[in-house]
There are 2 protein chains.
Amino acid sequence: MTNKDARTPASTQNPTETSVNGEAGKSIGWHKAYIEGSRPDLRVPVRQVHLTNGQSVTLYDTSGPYTDPLVDTDVRRGLPPLRENWIVARGDTEEYAGRPVRPEDDGIKHTSPRGGLRNLDAVFPGRPRQPRRGRDGKAVTQLAYARRGEITPEMEYVAIRENVSPEVVREEIAAGRAVLPANVNHPEIEPMIIGKRFLVKVNANIGNSAVTSSIEEEVEKMTWATRWGADTVMDLSTGRNIHTTREWVLRNSPVPIGTVPLYQALEKVDGRAEELTWEIYKDTVIEQAEQGVDYMTVHAGVRLAYVPLTANRKTGIVSRGGSIMAAWCLAHHKESFLYENFEELCEILAAYDVTYSLGDGLRPGSIADANDEAQFAELRTLGELNRIAKRFNVQTMIEGPGHVPMHKIKENIDLQQEICDEAPFYTLGPLTTDVAPAYDHITSGIGAAMIAWWGTAMLCYVTPKEHLGLPNRDDVKTGVITYKIAAHAADLAKGHPGAQEWDDALSDARFEFRWEDQFNLALDPDTAREFHDETLPAEPAKTAHFCSMCGPKFCSMKISQDIRREHGGSRTEIEEGMAQKSKEFAAAGNRVYLPIAD
Amino acid sequence: MTNKDARTPASTQNPTETSVNGEAGKSIGWHKAYIEGSRPDLRVPVRQVHLTNGQSVTLYDTSGPYTDPLVDTDVRRGLPPLRENWIVARGDTEEYAGRPVRPEDDGIKHTSPRGGLRNLDAVFPGRPRQPRRGRDGKAVTQLAYARRGEITPEMEYVAIRENVSPEVVREEIAAGRAVLPANVNHPEIEPMIIGKRFLVKVNANIGNSAVTSSIEEEVEKMTWATRWGADTVMDLSTGRNIHTTREWVLRNSPVPIGTVPLYQALEKVDGRAEELTWEIYKDTVIEQAEQGVDYMTVHAGVRLAYVPLTANRKTGIVSRGGSIMAAWCLAHHKESFLYENFEELCEILAAYDVTYSLGDGLRPGSIADANDEAQFAELRTLGELNRIAKRFNVQTMIEGPGHVPMHKIKENIDLQQEICDEAPFYTLGPLTTDVAPAYDHITSGIGAAMIAWWGTAMLCYVTPKEHLGLPNRDDVKTGVITYKIAAHAADLAKGHPGAQEWDDALSDARFEFRWEDQFNLALDPDTAREFHDETLPAEPAKTAHFCSMCGPKFCSMKISQDIRREHGGSRTEIEEGMAQKSKEFAAAGNRVYLPIAD
């Protein structure tokens, strides 16, 4: 993968300084800055790390306005609708009354007394809002715009974020090789792009459980995940308050939000898969599209005929959506209603610019089941559905496994790219072994790094609690950090422009014993600092290092190199020079471990 | 990589039962068992996991006698000398007085009053012992035996451990593609083998620090590391009590112990690299060989001419041994004394069967420096030294990097295998990015899994404290577990015989909701159980699973498969059968999430 059209890295652009504590450029550490685009309302946030040597490094920033001290955020009001003017200015959408919000959207029965008393106006207390959709059934998608040659503000925004030209962004979207998930009803997002030509992205799953989580906790989990680098968040809430939770998450999220509408649809039929209908599902999709969900996992590839293919598997069907659809197909002995109504679904998604994430309901749940007939049969159907979606101008990505041993990973991405016309691949891991529950962020981080190097565009994180329970705050952080490592390792291996600058800056800091810079540049500055202070609280100077041996002024390595340059590389002269330097080395104390002045 | 000569997996062999709490075969969980070889004193330990369905799974066990309740261990006495009779019976070694232990071996100056008072007989209180070496300068190495066609008890032992034939073991050692590190003065070890044809191994580093660790703590760290799966342990102690600490570690270690003799030699010259001499180094090697060190890292590839090649590096020389040797070369402007005296060193190592671990003193310390001229120049020298070592019948492995981005990893193993005649590669990670201090077990676990898949025989672990401080007990465990994951993922990808049985057993348990079996089969049962209980303390039944949908008796998937078999696959008949099953499915309640009886 080359990046010939790459623009200069962000670090050479000129971000507007937004200071921490009001003193621009003075704070040691880092602060939020913005790179302005072609219009004043197009300001791309970056994390600007200030080094003690006076230099600075500009890093991609997913944390949203929450890390800008000049922005006054309030979860009850929601984030400012950054993209609203851009959407309105295009003139191809209309506001409308929208589908009425019903008690059962929040899992409350009509018949229950509590349901009857519920005040639906209180779903979200922020600014009043009517849903918006494409006028006259038009596709108002970034794909439609890209195909007709338009560079939208959203495309320019991600071009600045990715250090590529806007034209590259437009081309990749037009070709279906990238998606820019941006529902017209989610104007709060800071646009981002998912495609193999760009930085590898990370998704974090959140979702309330009936018992333990409150709505505020879910909003907090979302901002926590994005603080550590999550590029998108999927809200997989079930049970009560599912509609209201999603509303709060959407209104406060600076990143695209994904969902699996099937989960909510199933709640509406009390968990009885066989009672699902196309009408209930469609209604749920519209409900969520009106709220602003940016991408939806749709398990339309689980066809009746594929279910028996899973019979000899070690772990059957492990995807929740896949098992629901398989149960429906078996109960009715009919073809999947998602598959049968796929074109109508495309029309709906196109009217809001909801991006498809075509789910792999038959993904392998164990090493033994990887790359089997069921998995690849479904993948071929996803390829077929991808082409249909593109006819309707719906942006589309394809979900991937799961549990796959290392030697079978490449076949997954290669086949997906071939079958799905290079549509972005969005994989869960894959986990490279089944034997380490409690460490599946690591078993899967290995597979994630590899598959991303080979072309996966977005990685769905796995936390240490995978297979065991619900992730808490620490697990979310560990999952995100592990996946940022996998993503960045892949960016390096792919030669993404500017990716290595980060490593270089950190390694320079390490070599020069600039500990504070090393911490501030770290993916997780807090833990790096804490670990260091635990054993070496006051004195970093003990650490041995060859170049510290001679001190910054008298580095034998550097000097020997200088000699080579000066003398054009003649060996005798080098040796004479080396002998001279050997004397100087002795004169300066001959010590391997000079204490570092720090 | 194929394994055509593989024997049946260990699980089909018949281990002798050694019960926990005296009740053989009754305990739920796991217990230590032994597989007996061709002689009664050849008993290979395994970890036998008992499943609730009555089956059992046999896993490789590195934990030594400490996990056998029938063995009474005492760190002051040391482990029983398992191999002593085998060594004596070969008749090619002799006991001798040995080099006197001197106060400076423990970092104590002659001139210091404390040194003068020191009672050297108290180094280790266990059974009295004289060192042993090859008679008449003979090479008493497993390589020498293998080359002349002998299958030693050690070879048979590892053949049982690895589920391969003893002849495969002999061949691999004879060809130099594997090493069996087993100093004649370390009879306590349970033999193990390092080679790409075998299970990927993991090394854990321990080592006291001047301030914080006691001798007992180091022994405890060693047993802790092997409990979680470390196959070898390197004692990298510095400062005071270095000799005594090593003695205690060796006498209590069931796994081979590696060292870097240069570290102790440097202590003997008060940290002044330029004062090192071949004589001091050689004396230190003999001191350690007499104690029983099984393999030694020797940085003989850091030649004077290569030092200037590191001048333009981002992070110069990061290997401690490499920087010491580079400093010596520069200070004297002479060729490395290790390189110059390599043949004599071979004679010494051959007399004790100490295995070479040829150190990569010029390994890259940052992504920017990976695969550079300095690194590969040294590798070519290691290839030359490997051939010399083989002439002297010294077993040899080659150390590798370091920091390497994913796309440059394969070149490392391919070049090493070519240049070093397929000698076992022993790599540190590699770390696939520099940006995540505090998570370098993960940045390196990714690289480790990949390079092991491609042929690395042993992985040196990296803990979360890498670059930041000294690992504590938790860090050691995290490092070992992470690397066992990498190693096992590689075993799977290489198709090692029996490797997938472990994953299959765990996935079966997962699919059937046998939680206890899932925990007991996990790499880290304790953490898996703890995580599960944290959120789902009483009720595992909530977890959705397709096959749980119908319960164990009525599985739609299984039934649809049965129909296919019965009717020879005719589509009409299948559909009729499916329709019938659809009715049965409805009759049974039509529920996706039936509560699991548990």
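Keep in mind that this is a model prediction, so the values were computed, not measured. (Residues numbered from 1 in each chain as written. Chains lettered and ligands numbered in written order. Predicted model: local features only at pLDDT ≥ 70, side-chain atom pairs only at ≥ 80, totals over all residues. Heavy atoms only, no water.)

Chemist: I'd like to hear about the overall build of chain A, residue by residue, with values.
Modeler: If you tally the helices and strands in chain A, you get 22 helices and 16 strands. Long-range pairs, those at least 24 residues apart, make up 73% of the contacts in chain A between residues at least 6 apart in sequence. Accessible area for chain A stands at about 20500 Å²; split by element, carbon and sulfur atoms hold 49% of it. (Helix = DSSP H or I, 4+ residues; strand = E, 2+ residues; numbered from the N terminus. Contact = heavy atoms within 4.5 Å. Areas by Shrake-Rupley, 256 points an atom, 1.4 Å probe, with all protein chains shown as cover.)

Chemist: Quick one: what's the story with the nonpolar core, residue by residue and with numbers?
Modeler: Membership of the largest hydrophobic core comes to 282 residues, with the highest contact counts inside it found for Tyr 281, Tyr 356 and Met 406 of chain A together with Tyr 281, Tyr 356 and Met 406 of chain B. With near-sequence residues (within four places) excluded, Tyr 281 of chain B lies in contact with Pro 261, Leu 262, Ala 265, Thr 297, Val 298, Phe 337, Leu 338 and Leu 345 of chain B. Counting residues in hydrophobic clusters, the runner-up holds 20 residues, among them Val 158, Ala 174, Val 184 and Ile 193 of chain A. (Core = buried A, V, L, I, M, F, W, Y, C linked by side-chain atoms within 4.5 Å. Buried < 20%, exposed > 50% of the residue type's maximum accessible area, 1.4 Å probe, protein only.)

Chemist: An account of the pattern of salt bridges is needed here, citing residue identities and associated values.
Modeler: Residue and element names in this part refer to chain A. In total, this model carries 86 salt bridges over all chains according to the counting rule given. Here Glu 516 makes a salt bridge to Arg 529, at a shortest N to O gap of 2.9 Å. Here the residue Glu 516 occupies a position in helix 18 (residues 515-521), and Arg 529 occupies one in helix 19 (residues 525-535), the gap between them amounting to 13 residues. Of the residues examined, Arg 529 reaches a relative accessible area of 24% and is grouped as partly exposed. (Salt bridge = Lys/Arg side-chain N within 4 Å of Asp/Glu carboxyl O.)

Chemist: Please provide a residue-by-residue account of the sheet that holds strand 9 (residues 201-206) of chain A, values included.
Modeler: All names here are of chain A. Ordered by their spatial adjacency, eight strands build a closed barrel running 9-10-11-12-13-14-15-16, and the pairing between neighbours is parallel. Taken pair by pair, the neighbouring strands of this sheet meet at an average axis angle of 25°, ignoring direction. Contacting strand 13 (355-358) and strand 14 (396-400), helix 13 (residues 373-391) runs over the sheet at an angle of about 165° to strand 14. (Pairing = 2+ DSSP bridges. Axes fitted to C-alpha atoms, helices over the stretch in contact; angles between N-to-C directions.)

Chemist: Describe the packing of aromatic side chains, and please don't skip the residues or the numbers.
Modeler: All chains considered together, the criterion is met by 20 aromatic pairs over all chains. Look at Trp 224 of chain B and Trp 228 of chain B: their rings are 5.7 Å apart centre to centre, the planes differ by 85°, and that puts the pair in the edge-to-face class. Accessibility expressed as a relative area gives 6% for Trp 228 of chain B, which makes it buried. Aromatic rings pair up to connect Trp 278, Tyr 281, Trp 328 and Phe 337 of chain A into one cluster. In this structure, Arg 133 of chain A packs its charged tip against the face of Tyr 96 of chain A, placed 3.7 Å from the ring centre. (Phe/Tyr/Trp six-rings, centres within 6.5 Å; stacked < 30°, edge-to-face > 60°. Lys NZ or Arg CZ within 6 Å of the ring centre and 35° of its normal.)

Chemist: Kindly report on helix 13 of chain A, identifying the contributing residues and their values.
Modeler: Residues and elements named next belong to chain A. Compared with an ideal rise of 1.5 Å per residue, which puts 19 residues at 27 Å, helix 13 spans 28 Å between its outermost C-alpha atoms and is within 8% of the ideal. Of all 19 residues making up helix 13, 14 are buried, and the element is well covered by its neighbours. In the stretch just after helix 13, Asn 393 is the one whose phi turns positive, near 60°. (Expected span 1.5 Å × (residues − 1).)

Chemist: I'd like to hear about the interface of chain A and chain B, residue by residue, with values.
Modeler: Where interface size is given, it is often the accessible area lost as the parts come together that is meant. Each side of the interface is counted separately: chain A has 110 residues, and chain B has 110 residues. For the pairing of chain A and chain B, the buried interface totals around 8900 Å² over both sides, and the portion due to carbon and sulfur atoms is 67%. The interface formed by chain A and chain B includes two salt bridges. Between Lys 314 of chain A and Asp 508 of chain B there is a salt bridge, and its shortest N-O distance comes to 3.0 Å. Our count for the contact surface shared by chain A and chain B stands at 14 residue pairs in polar contact (both at pLDDT 80 or more). Per-element tally for the side of chain A that touches chain B: the top contributor is helix 16 (residues 473-494) of chain A, with ten residues. Of the residues assigned to the side of chain A that touches chain B, the class counts are 58 nonpolar, 33 polar and 19 charged. (Buried area = accessible area lost by both parts, 1.4 Å probe. Polar contact = N/O pair within 3.5 Å; in protein donor to acceptor, adjacent residues only side chain to side chain. Nonpolar A, V, L, I, M, F, W, Y, C, P; charged D, E, K, R; others polar.)

Chemist: If you had to explain the pairing of strand 14 of chain A to someone new, which residues and values would you point to?
Modeler: Residue and element names in this part refer to chain A. Burial runs high along strand 14: five of the five residues are buried. Alternating positions in strand 14 separate into two faces, Thr 396, Ile 398 and Gly 400 on one and Met 397 and Glu 399 on the other, with burial throughout. By the bridge criterion, three bridges tie strand 13 to strand 14 in an arrangement that is parallel. Within the sheet, the bridge partner assigned to Ser 357 lies in strand 14 and is Met 397. Following the backbone out of strand 13, through helix 13 and into the adjacent parallel strand 14, one traces a crossover that is right-handed. As paired strands, strand 14 and strand 15 (residues 425-428) are joined by three bridges and run parallel to one another. What sits directly across from Gly 400, in strand 15, is Thr 427. (Right-handed = clockwise from strand over helix to strand, strands pointing away.)

Chemist: Mind laying out the confidence of the model for chain A, listing which residues take part and the relevant values?
Modeler: Residue and element names in this part refer to chain A. The predicted model of chain A averages 85 in pLDDT, with 81% of residues at 70 or higher. In this model, residues 1-14 is a region of pLDDT below 50 whose contacts with residues beyond four sequence positions or in other chains number 34 contacts. Here residues 591-598 is a poorly scored stretch, pLDDT under 50, and it has 22 contacts once near neighbours within four places are set aside; other chains count. Scored as a whole, the predicted complex attains pTM 0.90, and scored at its interfaces, ipTM 0.89. (pLDDT = per-residue confidence, 0-100.)

Chemist: Go over the sheet that holds strand 14 (residues 396-400) of chain B, please, and point to the residues and values.
Modeler: Residue and element names in this part refer to chain B. Strand order in this closed barrel of eight strands is 9-10-11-12-13-14-15-16, and the pairing throughout is parallel. When strand polarity is set aside, the average angle formed by the axes of neighbouring strands in this sheet is 25°. The pairing of strand 12 (residues 295-298) with strand 13 (residues 355-358) spans four bridges and is classified as parallel. Among the inter-strand pairings, Met 296 is bridged to a residue of strand 13, identified as Tyr 356.

Chemist: Report on the relation of the copies chain A and chain B, specifying residues and quantitative values.
Modeler: Least-squares fitting of chain A to chain B yields an RMSD of 0.0 Å, with the superposition described by an axial translation of 0.0 Å and a rotation of 180°. On this basis, the relationship between the two copies can be described by a two-fold rotation axis. Residue Ile 446 of chain A, judged by its C-alpha, is the member of chain A lying nearest the rotation axis, at 2.3 Å. The residues that chain A uses at the interface reappear at the interface of chain B in 99% of cases, marking a shared surface. (Least-squares fit on C-alpha atoms with pLDDT ≥ 70 in both.)

Chemist: Which residues make up the UniProt feature "domain: ThiC-associated" (unreviewed entry) in chain A, and what values do they have?
Modeler: UniProt's entry tags residues 31-94 of chain A with the feature "domain: ThiC-associated" (unreviewed entry), counted in the numbering of this structure. Between the end C-alpha atoms of residues 31-94 of chain A the distance is 38 Å, and the span holds 11% helix and 33% strand. (UniProt positions renumbered as here; feature names shortened; annotations may be inferred.)

Chemist: I'd like a rundown of the packing of helix 8 (residues 261-268) of chain B against helix 10 (residues 320-332) of chain B, residues and numbers included.
Modeler: A pair of packed helices can be characterised by two numbers: the angle between their axes and the separation between those axes. Residue and element names in this part refer to chain B. Helix 10 packs onto helix 8 with a crossing angle of 50° between their chain directions and a minimal axis gap of 10 Å. Here helix 8 is positioned oblique relative to helix 10, judged by the angle of their axes. In this structure, helix 8 meets helix 10 at a crossing whose hand is left-handed. Of the residues in helix 10, those in contact with Leu 262, Tyr 263 and Leu 266 of helix 8 are Arg 320, Gly 321, Ile 324 and Met 325. (Parallel < 35°, antiparallel > 145°, perpendicular 65-115°, else oblique. Left-handed = near helix turned anticlockwise from the far one by under 90°.)

Chemist: Tell me about the side chain of Asn 185 of chain A, residues and numbers included.
Modeler: Residue and element names in this part refer to chain A. Locating Asn 185 in the fold gives a position in the loop between strand 7 (178-179) and strand 8 (194-195). The buried category is assigned to Asn 185, whose relative accessible area is 2%. A distance of 3.1 Å separates the side chain of Asn 185 from the backbone oxygen of Ala 289, its partner in a polar contact. Excluding its chain neighbours within four sequence positions, the residues that come into contact with Asn 185 are Arg 129, Gln 130, Pro 131, Arg 132, Arg 251, Ala 289, Glu 290, Gln 291, Gly 292 and Tyr 352.

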